[in-house]
Amino acid sequence: TELRTAGGNIEVGNVGGQVRCFSGGGNIRVAKAGAGAWLETAGGEIFIHEAGGMVQASTGGGNIRIERAGGTVTARTSGGLIQVEQAGGTVTAETSGGAIQVNSANGVRCESAGGAIRLRDVTGAVHAFANSGSILAELVSGAGRALADSTLSTNAGDITVVIPSNVALTVQARNESGGSGRIISQFPEVRVERGGVAGGPAMAEGA
């Protein structure tokens, strides 16, 4: 199913196969796609309740909300919130002016130019970059559920990682905020070294 409009809204009910929607400036809403979904609008919001396969969503200036996707998710917006409740594959999310929230995914690569990033129940590799916002990552317990090689970085905000005590990993942390920057760990295995008198970076490492 393919739907196009020069500037109006698109609403789709239940479709057994793939869905492709393109709007010049309206909202796109999809209840259910049996396979993949490609959704693109120049300036509206995108909402999809369920897709049996991958989801690719792009808007020039609105929020994106994806409740369930059977495969990978790629979401990009020039000025809005990106929210993914559940994805069967990797989530790639980019926003120029909003927050990013992923509640369940097998790997995440996200970048926010002006908002916070919150990740929950995420497995695999995580790469999260915030230009001016905080990052919260909550890991889940269980064999094979820990993060793979991952990087979390922000230029102006806090980074908080919640680690269950039965998840094995190695932590390397660096805070370059100067004298006011701190690293706090509730695990004695992660040793924190304060910055020197010259205001050097604070660092921590441990397994």
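See the structure shown above.
Structure report, in brief. All residue numbers refer to positions counted from 1 along the written sequence of the respective chain. Per-residue local features are limited, in this predicted model, to residues with pLDDT of at least 70; the limit for side-chain atom pairs, both in listing and counting, is 80 or more; totals at the level of whole chains, interfaces and linings are taken over all residues. Side-chain descriptors were evaluated using all non-hydrogen atoms of the structure, hydrogens and water having been removed beforehand.

## Some remarks on the nonpolar core
By convention a nonpolar core is built from buried Ala, Val, Leu, Ile, Met, Phe, Trp, Tyr and Cys residues, the set being connected through side-chain atoms within 4.5 Å. Each residue's exposure class comes from its accessible area (1.4 Å probe, protein chains only) as a fraction of the maximum for that residue type: buried when under 20%, exposed when over 50%, partly exposed otherwise. Within the largest apolar cluster, 38 residues are counted, with the highest numbers of intra-cluster contacts made by Leu 39, Val 91, Val 102, Val 108 and Leu 119. Counting from the N terminus, the helices are DSSP H or I runs at least four residues long and the strands are E runs at least two residues long. The biggest single contributor to this core is strand β15 (residues 122-130), with four residues. What makes two residues a contact is simply this: any of their non-hydrogen atoms within 4.5 Å. Look past the residues within four positions of Val 91 in its chain and what remains in contact with it is Val 73, Val 84, Val 102, Ala 105, Gly 107, Val 108 and Arg 109.

## Some thoughts on the sheet that holds strand β2 (residues 10-15)
Note on pairing: DSSP must find at least two bridges between two strands before they are called paired. One open sheet holds the nine strands; their spatial order is β2-β4-β6-β8-β10-β12-β14-β16-β18, and the pairing between them is parallel. The sheet is open, and its two borders are formed by β2 and β18 (159-162), each paired with just one other strand. Strand-to-strand, the axes of this sheet are offset by a mean angle of 5°, without reference to chain direction. Bridge analysis of strand β12 (residues 100-102) against strand β14 (residues 117-120) gives three bridges, and the strand direction is parallel. Bridge pairing in β14 places Ile 100 opposite Ile 117. Here the axes come from fitting lines to C-alpha atoms, over the contacting stretch only for helices, and the angles between their N-to-C directions go from 0 to 180 degrees.

## Remarks on the environment of Met 203
Here Met 203 lies in strand β21 (residues 202-206). In the structure, Met 203 is positioned 30 residues away from Ala 173 in sequence and 5.6 Å away in space, judged by C-alpha atoms. Setting aside residues up to four positions removed in sequence, Met 203 forms contacts with Ala 173, Arg 174, Ile 183, Arg 191, Val 192 and Glu 193.

## Topic: the pattern of salt bridges
Only one rule defines a salt bridge in this text: a Lys or Arg side-chain nitrogen within 4 Å of an Asp or Glu carboxyl oxygen. Scanning the model with the defined rule gives eight salt bridges in all. A salt bridge links Glu 138 to Arg 118; its shortest N-O distance comes to 3.2 Å. Residue Glu 138 is located in strand β16 (residues 135-138), and its partner Arg 118 is located in strand β14; the two are separated by 20 residues in the primary sequence. Using a relative accessible area of 22% as the deciding quantity, one classes Glu 138 as partly exposed. Two residues, Arg 174 and Glu 176, come together in a salt bridge whose shortest N-O distance is 2.6 Å. If you follow the salt bridges from partner to partner, you end up with Arg 65, Glu 67 and Glu 85 in one network.

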